[in-house]
Amino acid sequence: MKRFLLSMVAAVVISPVLASAGEDGPTILDTRCAYCHNLKGPAPQTIHDLWKRDAPDLFYAGNKFRREWLVSWLQKPVRIRPAGVNYLRTINSTPHQEGKDGKKYDVLWGAVLKPLVHETLTAPEAELVADSLMKLRAGDELVSGMMVDKSKTVTLDQGEVLIDKVYGCQSCHQIEPGYGGYTGPELYTAGRRLQPEFMLSYIKRPKNWDPKIWMPNGNVKPEDLQKIVNYLILLSKENFDEAR
Ligand code: HEC
Ligand code: HEC
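This is a predicted model, so every value here is computed, not measured.

Visitor: Please clarify how the environment of Asp54 should be interpreted in this entry.
Guide: You can see Asp54 is positioned in the loop between helix 3 (47–52) and helix 4 (61–64). Between the C-alpha atom of Asp54 and that of Asn86, which follows or precedes it by 32 residues, the distance is 7.2 Å. Sequence-distant contacts of Asp54, defined by excluding residues within four places in its chain, comprise Val85 and Arg89.

Structure (structure tokens):
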């Protein structure tokens, strides 16, 4: 009995230490992230599965994100998709709300969309988890051969014309808070969040990454693809929100 009590005391004293020491990146991912995020692939193969998705896929995180962005976002997560992960749940698809640019956009069911509540990591945890996420590279093949041509520069105005007038990306994406549609992730922070090679590959053929996603496999000309990605990198240097 005495020995039992002693071991109880030892367990109580020791376990918090063990718990924190045991929480390496893979463990944190398994216990605190995997019940929402798909860490193993594949992407949803049917529309039905796409609709059931509650959190972005992370199984190609190492091909997608810039590590330094991951480290800071995981400590201070904020919303990236103005309508959440599944716009069908939050959007009234009849465009009729006037944006700052005077155009009509989809209306959000404001009551449904609450501020993002997300796991928040400490700085050391964020470093460990970022290392683990950077090892998830299921999209290696899709980014191989992708390279940004820095000579294809554009001004912010020229880039906006491409995104808005030429390719209509702005009907789904915002290029400034409140300026653009709601169904896709905000693009004004894309250059900070995403690897340039991922942007090239995703914009070229989004369905290679996510077969049922509602972003169209566009016909972006190779030259314009380069300009758009250079524009997104330039745009992300604008100071829209210091916190991001
Ligand atoms: C309760 C469900 C849930 C859990 C648990 C969760 N997340 Fe998320 N996570 C989300 C949602 C929802 C978003 C999308 C936020 C947005 O775009 O506005 C998200 C976004 C992200 C993003 C940005 C992805 C992208 O494609 O833009 C990363 C990275 C991320 N989570 C990592 C993690 C990590 C690491 C953990 C565990 C420590 C975790 N998440 C736990 C729901 C969750
Ligand atoms: C019909 C709506 C729609 C159109 C039009 C559209 N997109 Fe998308 N886009 C999306 C959706 C939806 C996603 C992925 C959502 C997710 O990961 O949750 C996406 C993802 C992206 C991503 C990856 C962003 C990220 O943070 O993960 C980039 C970059 C992007 N789009 C750029 C563009 C560009 C450039 C165009 C125009 C050539 C365009 N999109 C046109 C809906 C659209």
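Visitor: Please explain the packing of aromatic side chains as it appears in this structure.
Guide: Within a pair of aromatic rings, the relevant descriptors are the distance that separates the centres and the angle that separates the planes. On inspection of all chains with the given rule, the structure shows 7 aromatic pairs. Taking 6.1 Å as the distance between ring centres and 25° as the angle between the ring planes, the aromatic pair formed by Tyr60 and Phe198 counts as stacked. Taken together, the positions of Tyr60 in the loop between helix 3 and helix 4 and Phe198 in helix 10 (residues 196–204) put the pair 138 residues apart, joining distant regions of the chain. Taken individually, Tyr60 and Phe198 each receive the classification buried, so the pair is uniform in this respect. Pairing Trp69 with Trp73 gives two aromatic rings, centres 5.5 Å apart and planes at 25°, and the pair type is stacked. Residue Trp69 and its partner Trp73 are located together in helix 5 (residues 67–75), separated by 4 residues, close to a single helical turn. We classify Trp69 as buried; its relative accessible area is 11%.

Visitor: What is the right way to read the environment of Val117 from this model?
Guide: On the secondary structure map, Val117 appears in the loop between strand 2 (104–108) and helix 6 (123–134). For Val117, a relative accessible area of 78% gives the class exposed.

Visitor: What exactly am I supposed to notice about helix 12 (residues 222–235) here?
Guide: Its 14 residues place the ends of helix 12 20 Å apart at the C-alpha level, agreeing with the 20 Å of an ideal helix rising 1.5 Å per residue. Here helix 12 lies mainly inside the structure; 10 of its 14 residues are buried. Restricting attention to buried positions, one finds in helix 12 the residues Asp224, Leu225, Gln226, Ile228, Val229, Asn230, Tyr231, Leu232, Ile233 and Leu235. Where the residues of helix 12 are buried, they touch helix 8 (156–166), strand 3 (174–176), helix 9 (190–193) and helix 10.

Visitor: How should the pattern of salt bridges be read in this particular structure?
Guide: Between side chains of opposite charge, a pair can form as their charged atoms come close. Enumeration according to the criterion identifies 13 salt bridges in this entry. For the salt bridge of Arg32 with Glu125, the shortest nitrogen-to-oxygen distance reads 3.2 Å. Placement of Arg32 in helix 2 (residues 25–33) and of Glu125 in helix 6 is noted, with a sequence separation of 93 residues between them. Assessed through its relative accessible area of 16%, Glu125 is described here as buried. Put simply, Arg53 and Asp57 hold a salt bridge, and the shortest N to O gap is 2.8 Å. On the basis of relative accessibility, which here comes to 5%, the residue Asp57 falls in the buried class. Several salt bridges share partner residues, and in doing so they unite Glu23, Arg32, Glu119 and Glu125 into one network.

Visitor: Explanation requested: the coordination of the iron atom of ligand 2 in the structure shown.
Guide: Ideal donor angles around a metal are set by the shape: a four-donor tetrahedron calls for 109.5 degrees, a six-donor octahedron for 90 or 180 degrees. Only His173 (NE2) and Met215 (SD) from the protein coordinate the iron atom of ligand 2, and they sit 2.0 to 2.2 Å from it. Considering all 6 donor atoms around the iron atom of ligand 2, angles at the metal cover 86 to 177° and the coordination shape is octahedral. A residue pair is termed long-range when its members are at least 10 positions apart, and His173 in the loop between helix 8 and strand 3 and Met215 in the loop between helix 11 (206–209) and helix 12 qualify at 42 residues.

Visitor: Would you take a moment to explain the coordination of the iron atom of ligand 1 for this structure?
Guide: On the protein side, the iron atom of ligand 1 has His37 (NE2) and His118 (NE2) as donor atoms, found 1.9 to 2.0 Å from it. Its 6 donor atoms give the iron atom of ligand 1 angles of 87 to 180° at the centre, a pattern that matches the octahedral case. With His37 in the loop between helix 2 and helix 3 and His118 in the loop between strand 2 and helix 6, this residue pair connects regions lying 81 residues apart in the sequence.

Reading guide: rules and limits
- Residues numbered from 1 in each chain as written.
- Chains lettered and ligands numbered in written order.
- Predicted model: local features only at pLDDT ≥ 70, side-chain atom pairs only at ≥ 80, totals over all residues.
- Heavy atoms only, no water.
- Helix = DSSP H or I, 4+ residues; strand = E, 2+ residues; numbered from the N terminus.
- Contact = heavy atoms within 4.5 Å.
- Phe/Tyr/Trp six-rings, centres within 6.5 Å; stacked < 30°, edge-to-face > 60°.
- Buried < 20%, exposed > 50% of the residue type's maximum accessible area, 1.4 Å probe, protein only.
- Expected span 1.5 Å × (residues − 1).
- Salt bridge = Lys/Arg side-chain N within 4 Å of Asp/Glu carboxyl O.
- Donors = N, O, S within 2.8 Å, 3.2 Å for Na, K, Ca; no water.
- Tetrahedral: all angles 85-135°; square planar, octahedral: opposite > 155°, others 65-115°.

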